[in-house]
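Below, each chain spelled out in residue letters.
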Amino acid sequence: MEKKLTKKTLHKVMMRWYHGATTCGSYAMMCMLGYACAMFPALKELYPDVEERKQAIKTYVVYYNTELFLGASILGMNCALEEVKASGQDVDGDMINNIRTSLMGPIAGIGDSLLIGTYLPILLAIAVSLSSGGSIFGPLFYIVVWNLSLYGIVRFVFNKGYHMGKEGVGFIIGEKAEKLKNAISKVGLIVTGAVAATWAGVSTQLNIVDGAGNTVLNLQSTLDSIYPGLITFGLVYLNWWLMAKKKFTPIKCILLMFLLAFIGVCVGFFNPGLSYV
């Protein structure tokens, strides 16, 4: 039986995201809890059975981070895919997660550039100019225009995402479904790798010198000549292996990284660049 979300439920999902996208945000999971909280009204309607609902919510209890306002388009698309999944068609939680992962990076790049990097500074500049002489009109202008325009943007992209998700379902579950799943999965891995390469950087300051004080081996230069960023890659892979294979929580991995950093500094493998006077 085909299941379809009501307009009231879709509005609840959108408003939960609009008001609470960064609810309980953390470095370990970023927007995960806000996203799961926003999706809950949809899952509650689509899965009346409590056990089915528990399984459905697990799809969203994973790391997630994107630009908050244009990112509502991904949320709308997920609602459409959850309708198809709940109706018993060939869409599963892994596919939904792969689509989210592959889209969150590009959407974040566009949203951060257009809204945070361009639109917000323009509004602030206008507000500052209107505030000359201590006028209260400047901050009022910013508060009203920023919030109303963002509400309109979130509403528009959420509905667009929902309709695009419904239109794209036929292709997702068609003959090319398996190829599409593999492609989306690979794009998700590429995005994850790019994020790790961009934001994570670990290097060693370990040098081996001879009796005269001349450097015999610069370990970082040697490693870079073999594989640039090898230490970073190794630590990222270690974290993935611990969480995927050994069921470590992100908090345990963070504590392990702190321990490795502490030991590395003590033995001279890492140099934090600190000086004590």
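Up top you'll find the structure we're talking about.
Computed from a predicted model, the values in this text were never measured in an experiment.

**Q** It is not clear to me how the overall build of the protein should be interpreted in this structure. Could you clarify?
**A** For the protein, the count of helices and strands is 10 helices and 2 strands. Ordered by position from N to C terminus, the α and β elements of the protein give α-α-α-α-α-α-α-β-β-α-α-α. Per-residue burial over the protein gives 34% buried out of 277 residues. By sequence separation, contacts in the protein at least 24 residues apart represent 68% of the contacts at least 6 residues apart. Total accessible area on the protein stands at roughly 16700 Å², and carbon and sulfur atoms take up 67% of it.

**Q** Teacher, can you tell me more about unusual backbone geometry here?
**A** Glycine aside, the phi torsion of most residues is negative, and most peptide linkages are trans. Despite not being glycine, Lys247 has its phi angle at roughly 60°, a positive value. Mapped onto the fold, Lys247 is located in the loop between α9 (230–244) and α10 (250–267). Take Lys247: its relative accessible area is 66%, and that puts it in the exposed class.

**Q** How should I be thinking about the packing of helix α2 (residues 32–46) against helix α3 (residues 50–57) in this particular structure?
**A** Between two packed helices, the angle of one axis relative to the other and the distance separating the axes together describe the packing. Look at α2 against α3: their axes get within 10 Å of each other, and the N-to-C directions meet at 145°. Relative to α3, α2 is oriented so that their crossing is right-handed. Contacts from Ala36, Phe40, Leu43 and Lys44 in α2 reach Arg53, Ala56 and Ile57 in α3. Partitioning the contact of α2 with α3 into residue classes produces 5 nonpolar, no polar and 2 charged.

**Q** What am I meant to see in the pairing of strand β2 (residues 215–218) here?
**A** On a regular strand, one side chain projects to one face of the sheet and the next to the other, so that they alternate. Judged from the 3 bridges that link them, strand β1 (residues 207–209) and β2 form a sheet pairing that is antiparallel. Note on β2: the bridge partner recorded for Val209 is Thr215. In this antiparallel pair of consecutive strands, β1 and β2, the connection spans 5 residues, and Gly213 shows a positive phi of 90°.

**Q** I keep staring at the side chain of Thr232 and nothing clicks. Help me out?
**A** Structurally, Thr232 can be placed in helix α9. Residue Thr232 is classed as buried on the basis of its relative accessible area of 10%. Within the local environment of Thr232, its side chain forms a polar contact with the backbone nitrogen of Val202, the two atoms lying 2.9 Å apart. Residues within four places of Thr232 in sequence aside, it is in contact with Ala196, Ala200, Gly201 and Val202.

The rules behind these values
- Residues numbered from 1 in each chain as written.
- Predicted model: local features only at pLDDT ≥ 70, side-chain atom pairs only at ≥ 80, totals over all residues.
- Heavy atoms only, no water.
- Helix = DSSP H or I, 4+ residues; strand = E, 2+ residues; numbered from the N terminus.
- Buried < 20%, exposed > 50% of the residue type's maximum accessible area, 1.4 Å probe, protein only.
- Contact = heavy atoms within 4.5 Å.
- Areas by Shrake-Rupley, 256 points an atom, 1.4 Å probe, with all protein chains shown as cover.
- Axes fitted to C-alpha atoms, helices over the stretch in contact; angles between N-to-C directions.
- Left-handed = near helix turned anticlockwise from the far one by under 90°.
- Nonpolar A, V, L, I, M, F, W, Y, C, P; charged D, E, K, R; others polar.
- Pairing = 2+ DSSP bridges.
- Polar contact = N/O pair within 3.5 Å; in protein donor to acceptor, adjacent residues only side chain to side chain.

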